Amino acid sequence: MHDVMIVGYGPTGMLAAVLLGRAGYRVAVFERYAQLYNLPRVGIVHDDVLRMFQEVGISEAIAPATFFLPTYELANQGRILLSNDVQPSATHGWPEFISIYQPAFEAELDRVAKGLPTVGVFQGHKAVGIVQDAESVTLTVEDRNGVRAERGRFLIGCDGGNSFVRGALGIEFEFLGFDQDWLVIDAKAKGVRPALPPMRQYCEPEQPGVTLHIGPHHQRWSFMIFPGESREEAVKPENVWRRLNRPDGATPDQFELVRAVSYRFQSLFAERWREGRVFLAGDSAHQMPPFLAQGMCSGFRDAHNLAWKLDLVLKGKAPPAFLDNYQAERGPNARATIVESMRVGQHVNERDPEKVKQRDAQLMALQAAQQRPSGQKQLIAFRVPGFGAGFVARPRDGVRGAGDAYIQGRVRRGKRQGRFDDLAGRGFMIIGRNGDPAAALSAADRDYWATFGGSVVQIGEGADALIDAEGHYNRLMDEYGCDVIVKRPDYYIFGACRSARELPTLIADLREQLQSDAH
């Protein structure tokens, strides 16, 4: 009996396996393909995903495969309509986004997953049947040796847009309105990569598209395939080089084609993400056009959100009904990301001449406005919404920040300095200033907090306190008008309160939600 079975060993399944395996659970992953797909698909990851890489310990190993994109440009026939600077440090303590060579981080996640003693990765195993009862899930898998049954307490379907798991559960997709064919070209520089735009959106009605650096050596171009144009013709090398015959394109002397493939970009949302003991995550639950570079990142957020909730249920710290919070939190979050990616795609890929003129004028007005000195650095990437429902503090007088992202800044403790997570730790956490917040808790509350491995961190001066090296935490608490924050095991706030005197009420709310079957 496995604790958790995972179908699909792409990035979402890999991260889920690593997080659950590191927590000590017996995890079995079944992947239909015998080898990793050693080509890039994802081009960009955002700051919260970089924080996840930090959490699982692969940041340094993958750094050589990354490239910081300093600017994001929108241009029409070489004329820059809007140019935005990408901030080198955002909410989660990492750049807003960076480009990355996907096979590099997949290789590291694969290495970590297969190095965990309780994780089994079964490649070349195709899922062909799912049956569940009140206690377990039975998964039928097929490999070259035949068919066999595997059992687990829970199952996560991370098996992509054509998910077998979703189909087996009879779950339909809701179509949200976007459906286009695009050509995606990846190429590797034969020498030093030419001076191409780090990231430029082609707002050209004649040929909408985008180009960006992929890690340190590769370049990607994506172009809309027009209605009536054959996808098979578009990927032929002669037609690929024809499209790349442009000032910010490429020649066969400069680049070697790695792949040229057609993708159908759609906006799809699964009507439900849970069926009993089976869950959907990643592209099996939602699909979006790539104009925010949020597709895979959304899958990582699914895996990260679900893993710690499964941990609580498997440990008996929360009832199975607590797992309904997974879709309650991630569903609206992912839907908002899909809708915004559609809006951006429709805006930058506009082909109506009059609407193009209006859009270009609006973008140039924004460019002029942002060139005026303001003294403020703005984040340009879409910020994924927080949680308005799920496992967050109930609204009451004095409660702040429920469902907001919990920032990561640099802190000091003694002679050590670094990012908050590395010095303070992870898991459930009470963060306070102006004294020890736990002093306001009863002995029973402190014991309860300890059963989760919950910690208490003081911001300020003192032997064990963390010094707020960049002032991020004091500014956050000032904005909330609070001295105490209760953080969940992920990167989100359960709730904040004005002073330690109100902390017992916040902990009572948390305790009630974890113990209630009805939540």
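Summary of the structure given here. What you see is a predicted model; the values in this text were computed from it and never measured.

**Things to note about the overall build of the protein**
Tallying secondary structure elements over the protein gives 14 helices and 26 strands in all. The C-alpha atoms of the protein give 24 Å as radius of gyration, which agrees with the globular expectation for 519 residues (24 Å, within 12%). For the protein, the spread of C-alpha atoms along the three principal axes comes to 75 × 65 × 40 Å. Counting over 519 residues, the protein shows a buried share of 55%. A separation threshold of at least 6 residues defines the contact pool for the protein, and within that pool the share at least 24 residues apart is 72%.

**Examining the sheet that holds strand S4 (residues 66-68)**
If you trace the three strands from one edge of the open sheet to the other, you get S3-S7-S4, paired in antiparallel fashion. The two strands at the open ends of the sheet, each matched to only one other strand, are strand S3 (44-46) and S4. Direction aside, neighbouring strands of the sheet carry axes that sit 35 degrees apart on average.

**Regarding the side chain of Asp445**
Tracing the backbone shows Asp445 in helix H12 (residues 443-451). You can call Asp445 buried: its relative accessible area is 14%. Leaving out residues up to four positions away in the same chain, Asp445 has contacts with Pro504, Ile507 and Arg511.

**Comments concerning the nonpolar core**
Counting 120 residues, the largest nonpolar core has Val45, Phe53, Ile156 and Leu310 as its most contacted members. With eleven residues, the top contributor of residues to this core is helix H8 (residues 295-314). In this structure Val45 touches Leu50, Phe53, Glu96, Phe97, Ile98, Ile100, Met296 and Cys297, once residues within four positions along its chain are discounted. Formed by 19 residues, the second largest nonpolar core is a distinct cluster that contains Ile431, Cys482, Ile493 and Ala496.

**Considerations on the packing of aromatic side chains**
This structure, assessed with the given rule, holds 27 aromatic pairs. Each ring, one from Phe387 and one from Tyr492, has its centre 4.3 Å from the other, and the planes form 35 degrees; the classification is tilted. With Phe387 in the loop between helix H10 (353-370) and strand S20 (410-413) and Tyr492 in the loop between strand S25 (484-487) and strand S26 (493-497), this residue pair connects regions lying 105 residues apart in the sequence. A relative accessible area of 6% means that Phe387 is categorised as buried. Tyr492 gets classed as buried once you look at its relative accessible area, which sits at 12%. Ring centres of Phe428 and Trp449 lie 5.8 Å apart, and the angle between their planes is 70 degrees; on these two criteria the pair is classed as edge-to-face. In this pair, Phe428 sits in the loop between helix H11 (420-424) and strand S22 (429-433) while Trp449 sits in helix H12, placing the two residues 21 residues apart along the sequence. Feature note: the residues Trp308, Phe322, Phe391, Phe428, Tyr448, Trp449, Phe452 and Phe494 constitute an aromatic cluster, connected by ring pairs. The ring of Phe67 carries Arg193 above its face, with NZ or CZ at 5.0 Å from the centroid. Lying across the ring of Tyr448, Arg511 places its NZ or CZ 4.1 Å from the centre.

**Considering helix H2 (residues 47-56)**
The element H2 is largely enclosed, with a buried count of ten among its ten residues. Two residues or fewer after H2 comes Gly57, characterised by a positive phi angle close to 80 degrees.

**Side note on the packing of helix H1 (residues 11-22) against H2**
Where H1 contacts H2, the axes come no closer than 11 Å and their chain directions differ by 40 degrees. The angle between H1 and H2 falls in the class oblique. As for how H1 packs across H2, the hand of that crossing is left-handed. Contact residues: H1 offers Leu15, Val18, Leu19 and Arg22, while H2 offers Met52, Glu55 and Val56. The residue inventory of the contact of H1 with H2, partitioned by class, reads five nonpolar, no polar and two charged.

**Looking at the sheet that holds strand S23 (residues 455-459)**
Spatially, four strands are ordered S23-S22-S25-S26 in an open sheet, and the strand pairing comes out mixed. For this open sheet the edge positions go to S23 and S26, each flanked by a neighbour on one side alone. Geometrically, the sheet is characterised by an average inter-axis angle of 15 degrees between neighbouring strands, direction not taken into account. When S22 meets S25, the two strands line up antiparallel, connected through four bridges. Each bridged residue has a counterpart across the sheet, and for Gly432 the counterpart in S25 is Val484. Along the sheet, helix H13 (residues 472-480) contacts S22, S23, S25 and S26; its crossing angle with S22, the most-contacted strand, is approximately 85 degrees. Against the sheet, helix H14 (residues 503-515) contacts S22, S25 and S26, and its axis sits at roughly 155 degrees relative to S26.

Conventions used here
Residues numbered from 1 in each chain as written. Predicted model: local features only at pLDDT ≥ 70, side-chain atom pairs only at ≥ 80, totals over all residues. Heavy atoms only, no water. Helix = DSSP H or I, 4+ residues; strand = E, 2+ residues; numbered from the N terminus. Rg over C-alpha atoms; globule rule 2.2 N^0.38 Å. Buried < 20%, exposed > 50% of the residue type's maximum accessible area, 1.4 Å probe, protein only. Contact = heavy atoms within 4.5 Å. Pairing = 2+ DSSP bridges. Axes fitted to C-alpha atoms, helices over the stretch in contact; angles between N-to-C directions. Core = buried A, V, L, I, M, F, W, Y, C linked by side-chain atoms within 4.5 Å. Phe/Tyr/Trp six-rings, centres within 6.5 Å; stacked < 30°, edge-to-face > 60°. Lys NZ or Arg CZ within 6 Å of the ring centre and 35° of its normal. Parallel < 35°, antiparallel > 145°, perpendicular 65-115°, else oblique. Left-handed = near helix turned anticlockwise from the far one by under 90°. Nonpolar A, V, L, I, M, F, W, Y, C, P; charged D, E, K, R; others polar.

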